[in-house]
Amino acid sequence: MIRDDIALARVVFSTPTLPGQLAVSDPIGDAPPGITYAVETPHDAGIVITIDGVPPDWGWVPEGGIETVSPALRALADELAELMNGYNRDGTDIDRRFFGSVRVRGETLVW
């Protein structure tokens, strides 16, 4: 279901707004088209979303001589984590159902 939600967000929120309409910003819809997403369950209580195909100039910025995650990539990872965590509870008295993370280049951005 998470894969389907990501695919839907890419289509629905990447639609340009018409003149006179408020622009809707969405990190998933605004992400470069070459980015791909893999949703995996490597073990029973875990889901990992991996972001691939991130353009270097969009996903990372030099900061004090060190390459760091750009605000746009960080917003994308946070949005994916929020989408994933929408499935992580079921009812008011049930705690987390799984452990989720969002990764890029082998680095976990959201845990």
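The structure this text deals with has already been given above.
Residues numbered from 1 in each chain as written. Predicted model: local features only at pLDDT ≥ 70, side-chain atom pairs only at ≥ 80, totals over all residues. Heavy atoms only, no water.

**As for the environment of Val39**
Working step 1: Among the structural elements, Val39 can be located in strand E1 (residues 36–40).
Working step 2: A sequence separation of 33 residues divides Val39 from Ile6, and the C-alpha atoms of the two residues are 9.8 Å apart.
Working step 3: In contact with Val39, not counting residues within four places along its chain, are Ile2, Arg3, Ile6, Ile47, Val48 and Ile49. (Helix = DSSP H or I, 4+ residues; strand = E, 2+ residues; numbered from the N terminus. Contact = heavy atoms within 4.5 Å.)

**Here's the deal with the nonpolar core**
Here is a general trend for soluble globular proteins: nonpolar side chains tend to be buried in one another's company.
Working step 1: Within the largest apolar cluster, 26 residues are counted, with the highest numbers of intra-cluster contacts made by Tyr37, Ile51, Leu73, Leu76, Leu80 and Val102.
Working step 2: Of all elements in the fold, only helix H1 (2–12), E1, strand E2 (46–52), helix H4 (71–85), strand E5 (99–104) and strand E6 (107–110) reach the threshold of two or more residues within this core.
Working step 3: In this structure Ile51 touches Ile35, Thr36, Tyr37, Leu73, Leu76, Ala77, Leu80, Val102, Arg103, Val104 and Arg105, once residues within four positions along its chain are discounted. (Core = buried A, V, L, I, M, F, W, Y, C linked by side-chain atoms within 4.5 Å. Buried < 20%, exposed > 50% of the residue type's maximum accessible area, 1.4 Å probe, protein only.)

**Here we look at the packing of H1 against H4**
Working step 1: The interhelical angle for the contact between H1 and H4, taken along N-to-C directions, is 135 degrees, at an axis separation of 10 Å. Judged on the interaxial angle alone, H4 and H1 are oblique. In the packing of H1 onto H4, the handedness of the crossing is right-handed. Contacts from Ile2, Asp5 and Ile6 of H1 reach H4 at Leu80, Leu83 and Met84.
Working step 2: Partitioned by chemical class, the residues of the contact of H1 with H4 number five nonpolar, no polar and one charged. (Axes fitted to C-alpha atoms, helices over the stretch in contact; angles between N-to-C directions. Parallel < 35°, antiparallel > 145°, perpendicular 65-115°, else oblique. Left-handed = near helix turned anticlockwise from the far one by under 90°. Nonpolar A, V, L, I, M, F, W, Y, C, P; charged D, E, K, R; others polar.)

**Section: the sheet that holds E1**
Working step 1: Spatially, E1-E2-E5-E6 is the arrangement adopted by the four strands of the open sheet, whose pairing is mixed. The outermost strands of the open sheet, each flanked by one partner alone, are E1 and E6. On average, adjacent strands in this sheet sit at an angle of 30 degrees to one another, irrespective of strand direction.
Working step 2: The pairing of E5 with E6 spans three bridges and is antiparallel. Counted as the bridge partner of Val104 is Glu107 from E6.
Working step 3: Sitting on the sheet, H1 touches E1 and E2, and the angle it makes with E1 is about 165 degrees. (Pairing = 2+ DSSP bridges.)

**Here's the deal with the packing of aromatic side chains**
The description of an aromatic ring pair rests on the distance of the ring centres and on the angle between the ring planes.
Working step 1: Tallied over the entire structure, the rule returns zero aromatic pairs.
Working step 2: Its end group placed over the ring of Trp60, Arg105 keeps NZ or CZ at 3.5 Å from the ring centre. (Phe/Tyr/Trp six-rings, centres within 6.5 Å; stacked < 30°, edge-to-face > 60°. Lys NZ or Arg CZ within 6 Å of the ring centre and 35° of its normal.)

**Let's talk about H1**
Working step 1: Within the sequence span of H1, burial applies to Ile2, Ile6 and Ala9. Looking straight down H1, one finds its buried side chains confined to an arc of 65 degrees; they lie on one side. Along H1, exposed side chains directed more than 90 degrees from the buried face belong to Arg3, Asp4, Leu8 and Val11. (Arc of directions from axis to C-beta.)

**Observations concerning the pattern of salt bridges**
Working step 1: All told, the structure shown has one salt bridge when counted by the stated rule.
Working step 2: The partner of Glu67 in a salt bridge is Arg105, and the shortest N-O contact between them spans 2.9 Å. Of the two residues, Glu67 is situated in strand E4 (residues 66–69) and Arg105 in the loop between E5 and E6; the sequence distance between them amounts to 38 residues. This pair shows no difference in class: Glu67 is exposed, exactly as Arg105 is. (Salt bridge = Lys/Arg side-chain N within 4 Å of Asp/Glu carboxyl O.)

Any link to function would need more than the numbers given here.
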